[in-house]
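Structural overview for review
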Amino acid sequence: MTARIDISAVTRRYGATLALAGVDLTVEAGAYCVLLGPSGCGKSTLLNILGGFADPTSGAVRIGGRDMVGVPAAARPTTTVFQDYALFPHMTLLDNVGFGLRMRGMARRARQSRAAEMLALVGLDGAGARRPADLSGGQRQRVALARALAVEPDVLLLDEPLGALDLNLRRVMQDELKRIQRSVGATFVHVTHDQEEAMAIADRLVVMNAGRIEDQGPPERVYRAPASRFAAGFLGEMSFLPARVQAGRAVTALGVLGGPQTHPEGTRMIACIRPEHLRIGPGPALGPIDVLDTVFMGAHRKVRLRARAAPDVDLTALLPADTAPGPDLAIDAGAVTLLPDNGDTT
Ligand code: ADP
Ligand code: MG
């Protein structure tokens with residue numbers, strides 16, 4: 001029904017390319033895990049290793065405690081939903097959804113009843129006699145999902161499943177996927193490069209870059225207190241301001257930011273400032289600023305600005321629409337994340 005995933009020290013080489021450079025990841029049974037990262041960072045490679053479509057060069061993969069090395073895709077407790085739905089055009093939806101069950105030798109009547117149940121689960125109740133050509137892209141993706149779930153996998157793998165859909169439909173399907181995952185209880189691992197999609201559906205978010213995991217955890221934690229500069233910059237908007245440890249505090253051109261610091265005196269750090277950290281209120285004031293650009297966004301006004309005290313860093317503020325930015329604009333110093341400056345500028 002559901003299973004935990006344990007990935008340890010997994011690497012994968014393709015010739016000179018190191019697609020995965022030592023990945024450790026545990027996904028609890030029944031979690032909705034999203035692998036997020038830019039194109040080429042190794043997301044699909046990791047998913048294919050889980051699904052049995054690629055082997056790790058080294059490292060171990062366990063699903064439900066069982067070693068998956070050498071277990072072919074069809075014998076794994078996983079099914080995969082790809083972006084191109086790959087439905088059989090000449091078959092009805094019932095036969096498409098029941099295909100995996102037929103391969104497993106389930107009798108026709110039981111198969112059709114299970115397929116009908118799965119179609120209802122994905123919002124296509126009563127559509128079993130139709131064929132893929134009669135459907136919209138979003139509906140086809142629902143059929144592909146129903147087909148993958150019909151065999152009751154412990155783990156469902158989804159590789160950019162909503163990538164071919166337009167934005168509105170994608171948002172609808174995100175909610176649907178989350179609902180369906182809760183209702184079937186299987187572990188879902190979903191690959192995307194869309195950070196909004198990741199935040200909307202993950203209860204476990206994994207940020208990847210260049211074959212490595214940069215950060216992982218609940219999306220709120222990763223957003224509020226990212227573990228690396230890459231994770232900080234990839235998820236949402238962020239400005240980076242140099243800081244230096246003085247007397248146990250991170251001192252920047254805009255004052256002391258973040259909490260107490262245990263790094264040695266003089267350590268270089270980076271203060272990660274989100275748009276919502278700038279506000280009219282308590283905290284170190286920015287002082288004189290230059291407004292570069294403002295965009296009215298309905299509830300908010302997005303203002304790009306520079307503080308004269310830190311002229312090298314563009315800041316973005318998300319202010320109530322009726323607020324004009326001025327020198328009294330302050331930083332919510334306690335909310336700012338400080339990271340060691342390891343020279344990484346990605
Ligand atoms: P993502 O899904 O995050 O876009 P991939 O896992 O597809 O990334 O690819 C990671 C890296 O591995 C890329 O550099 C890609 O070119 C390389 N790669 C993936 N699959 C193959 C393959 N079958 N042969 C050679 N190189 C590959
Ligand atoms: Mg991919």
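Below, the structure is looked at part by part. (Residues numbered from 1 in each chain as written. Chains lettered and ligands numbered in written order. Predicted model: local features only at pLDDT ≥ 70, side-chain atom pairs only at ≥ 80, totals over all residues. Heavy atoms only, no water.)

Focus on the site of ligand 1
Taken together, Tyr 14, Thr 17, Ala 19, Pro 38, Ser 39, Gly 40, Cys 41, Gly 42, Lys 43, Ser 44 and Thr 45 make up the full set of residues adjacent to ligand 1. Within the backbone of Gly 42, one N or O atom sits 3.1 Å away from an oxygen atom of ligand 1. In the complex, 58% of the free accessible area of ligand 1, which totals 560 Å², lies under the protein chains. When contributions to the shell around ligand 1 are tallied by element, the ones reaching two or more residues are β2 (17-27) and α1 (43-51). (Near = heavy atom within 4 Å. Polar contact = N/O pair within 3.5 Å; in protein donor to acceptor, adjacent residues only side chain to side chain. Areas by Shrake-Rupley, 256 points an atom, 1.4 Å probe, with all protein chains shown as cover. Helix = DSSP H or I, 4+ residues; strand = E, 2+ residues; numbered from the N terminus.)

Focus on the sheet that holds strand β5 (residues 66-67)
The strand order across the open sheet formed by four strands is β2-β1-β4-β5, and the pairing between neighbours is antiparallel. Here the strands that pair on one side only, and so sit at the sheet edges, are β2 and β5. As paired strands, strand β1 (residues 5-14) and strand β4 (residues 58-63) are joined by five bridges and run antiparallel to one another. Its bridge partner being in β4, Ser 8 is matched across the sheet by Ala 60. (Pairing = 2+ DSSP bridges.)

Let's talk about the side chain of Thr 11
For Thr 11, the location among the structural elements is in strand β1. Using a relative accessible area of 18% as the deciding quantity, one classes Thr 11 as buried. (Buried < 20%, exposed > 50% of the residue type's maximum accessible area, 1.4 Å probe, protein only.)

Considerations on the sheet that holds strand β9 (residues 204-209)
If you walk across this open sheet you meet the six strands as β6-β7-β8-β3-β9-β10, and the pairing is mixed. Where the open sheet ends on each side, the last strands, each with one partner, are β6 (78-81) and β10 (212-217). Neighbour-to-neighbour, the strand axes of this sheet turn through a mean angle of 20°, independent of strand direction. Strand direction decides the pairing type here: strand β7 (residues 155-159) and strand β8 (residues 187-192), joined by five bridges, are parallel. Note on β8: the bridge partner recorded for Leu 156 is Phe 188. Contacting β6, β7 and β8, helix α5 (residues 137-150) crosses the sheet at an angle of about 170° to β6. Sheet contacts for helix α6 (residues 167-184): β3 (32-36), β7 and β8; angle to β8, the most-contacted strand, approximately 160°. (Axes fitted to C-alpha atoms, helices over the stretch in contact; angles between N-to-C directions. Contact = heavy atoms within 4.5 Å.)

Considering the packing of aromatic side chains
In total, this model carries four aromatic pairs according to the counting rule given. The side chain of Arg 229 reaches across the aromatic face of Phe 240, ending 4.2 Å from its centre. (Phe/Tyr/Trp six-rings, centres within 6.5 Å; stacked < 30°, edge-to-face > 60°. Lys NZ or Arg CZ within 6 Å of the ring centre and 35° of its normal.)

Digging into the nonpolar core
Most often, soluble globular proteins keep nonpolar side chains buried together rather than apart. Counting residues in hydrophobic clusters, the biggest one holds 44 residues, and the most contacted among them are Leu 145 and Leu 205. Here the element with the most residues in this core is α5; it accounts for seven residues. Not counting the four nearest positions on each side in its chain, Leu 145 is found in contact with Val 81, Val 122, Leu 156, Leu 158, Leu 177 and Ile 180. With 27 residues, the next largest nonpolar core counts Val 10, Ala 31, Leu 47 and Met 68 among its residues. (Core = buried A, V, L, I, M, F, W, Y, C linked by side-chain atoms within 4.5 Å.)

Focus on empty space enclosed by the protein
If you walk through the whole model with that rule in mind, you get one cavity of 30 Å³ or more. When its volume is computed, the largest cavity comes out at roughly 40 Å³. As for the largest cavity, its lining consists of Ile 49, Asp 55, Pro 56, Val 61, Met 68, Val 69, Gly 70 and Arg 76. In the lining of the largest cavity, the residues fall into five nonpolar, one polar and two charged. (1 Å grid on protein atoms, 1.4 Å probe; cavity = no way out; pocket = protein on both sides within 12 Å on 5 of 7 lines; lining within 4 Å. Points joined across faces, edges and corners; volume = space filled by probe spheres on them. Nonpolar A, V, L, I, M, F, W, Y, C, P; charged D, E, K, R; others polar.)

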